[in-house]
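Chain residues, written in single-letter form:
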Amino acid sequence: MLSWISLISAWAIPVIIAFIPLYAYTRKVPVYDSFVDGAKDGFSTAIGIIPHLVGMMVAISIFRASGALEFFVGWTGPFLQSLGVPSEILPLGLLRPLTGTGSLAYTTELIRVYGPDSMIGRIASTIQGSTDTTLYVLTVYFGAVGIRNGRYALKVGLFSDLVGFVAAIAICLLVFG
């Protein structure tokens, strides 16, 4: 059974990549022209999101360099410790909605320091998979398509990140604690 799964996973992507242009060709779709048009649209989208991306990166750098992150962690650390939650996890909960790369770097550092099988490593890994980069998505993608009023997108996104953060901690403490 494992050999079949390995065979399917090895050939799935090449088959899909070959199937799509062949199917489009049989439907008389100009495959190359469609590809070039899509690439042009992708390039203009990439150029359009650069200012939003730079703004978000500057804001994250200011947040970390100002000491605000360390202040907040120091202020809430004792409360988290009383609940059995390692305070080292809190910066990840604050960084994850802001930046995927920054939160991944922090998760990597936590795993390097504490180990992948430690409670901190397990919680950090679970948080990384249970939350999203909400502010990054809103800033970059909403900005790229010109959405100025996200209405409830920010509230719902941050609430879902909070639920994912709390659930990741609770489940890890329940399963591994």
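Everything quoted here is computed from the prediction, not taken from an experiment.

(A) Main features of a nonpolar patch on the surface. Nonpolar side chains collect at one region of the surface, where W4, L7, W11, V15, I16, F19, I20 and Y23 lie side by side and expose about 910 Å² of accessible area between them. By the element assignment, Y23 lies in helix α1 (residues 2-26).

(B) Highlighting helix α6 (residues 119-130). The first and last C-alpha atoms of α6 sit 16 Å apart over 12 residues, in line with the 16 Å expected at 1.5 Å per residue. Inspection of α6 places I120, G121, I123, A124, I127 and Q128 among the buried residues, and these make up the whole buried set. The arc enclosing the buried residues of α6, seen along the axis, measures out at 165°, which places them on a common side. Among the structural elements, α4 (90-95), α5 (100-114) and α8 (153-176) are those in contact with the buried residues of α6.

(C) Focus on the pattern of salt bridges. Scanning the entire structure with this criterion turns up 2 salt bridges. The salt bridge involving E109 is made with R112; its shortest N-O contact spans 2.5 Å. With E109 and R112 both in helix α5 and 3 residues apart, this pair spans about one turn of that helix. With relative accessibility at 36%, the residue E109 sits in the partly exposed group. Residue R122 is joined to D117 by a salt bridge in which the shortest nitrogen-to-oxygen separation is 4.0 Å.

(D) A look at the environment of T133. Looking at the secondary structure, you find T133 in the loop between α6 and α7 (134-145). For T133, a relative accessible area of 10% corresponds to the buried category. Sequence spacing of T133 and G100 is 33 residues, and the spatial spacing of their C-alpha atoms is 5.8 Å. Residue contacts for T133: discarding those within four places in its chain leaves R96, P97, T99 and G100. Looking at T133, its side chain comes within polar contact range of the side chain of D132, at 3.5 Å.

(E) Main features of the side chain of T107. Looking at the secondary structure, you find T107 in helix α5. On the accessibility criterion, T107 (4% relative accessible area) is buried. Filtering out sequence-adjacent residues up to four positions away, T107 remains in contact with L92, A124, S125 and Q128.

(F) Representation of the layout of surface pockets. Quantified by volume, the largest pocket comes out at close to 250 Å³. For the largest pocket, the lining is made up of 13 residues, of which G93, L94, P97, D161 and L162 are closest to its centre. Elements that contribute at least two residues to the lining of the largest pocket include exactly α4 and α8. Looking at which element gives the most residues to the lining of the largest pocket, the answer is α8, with 4 residues. A class-by-class count of the residues in the lining of the largest pocket yields 9 nonpolar, 2 polar and 2 charged.

Rules used in this analysis
- Residues numbered from 1 in each chain as written.
- Predicted model: local features only at pLDDT ≥ 70, side-chain atom pairs only at ≥ 80, totals over all residues.
- Heavy atoms only, no water.
- Patch = residues over 30% accessible without salt bridge, like charges linked within 9 Å, V, L, I, M, F, W, Y side chains within 5 Å.
- Areas by Shrake-Rupley, 256 points an atom, 1.4 Å probe, with all protein chains shown as cover.
- Salt bridge = Lys/Arg side-chain N within 4 Å of Asp/Glu carboxyl O.
- Helix = DSSP H or I, 4+ residues; strand = E, 2+ residues; numbered from the N terminus.
- Expected span 1.5 Å × (residues − 1).
- Buried < 20%, exposed > 50% of the residue type's maximum accessible area, 1.4 Å probe, protein only.
- Arc of directions from axis to C-beta.
- Contact = heavy atoms within 4.5 Å.
- Polar contact = N/O pair within 3.5 Å; in protein donor to acceptor, adjacent residues only side chain to side chain.
- 1 Å grid on protein atoms, 1.4 Å probe; cavity = no way out; pocket = protein on both sides within 12 Å on 5 of 7 lines; lining within 4 Å.
- Points joined across faces, edges and corners; volume = space filled by probe spheres on them.
- Nonpolar A, V, L, I, M, F, W, Y, C, P; charged D, E, K, R; others polar.

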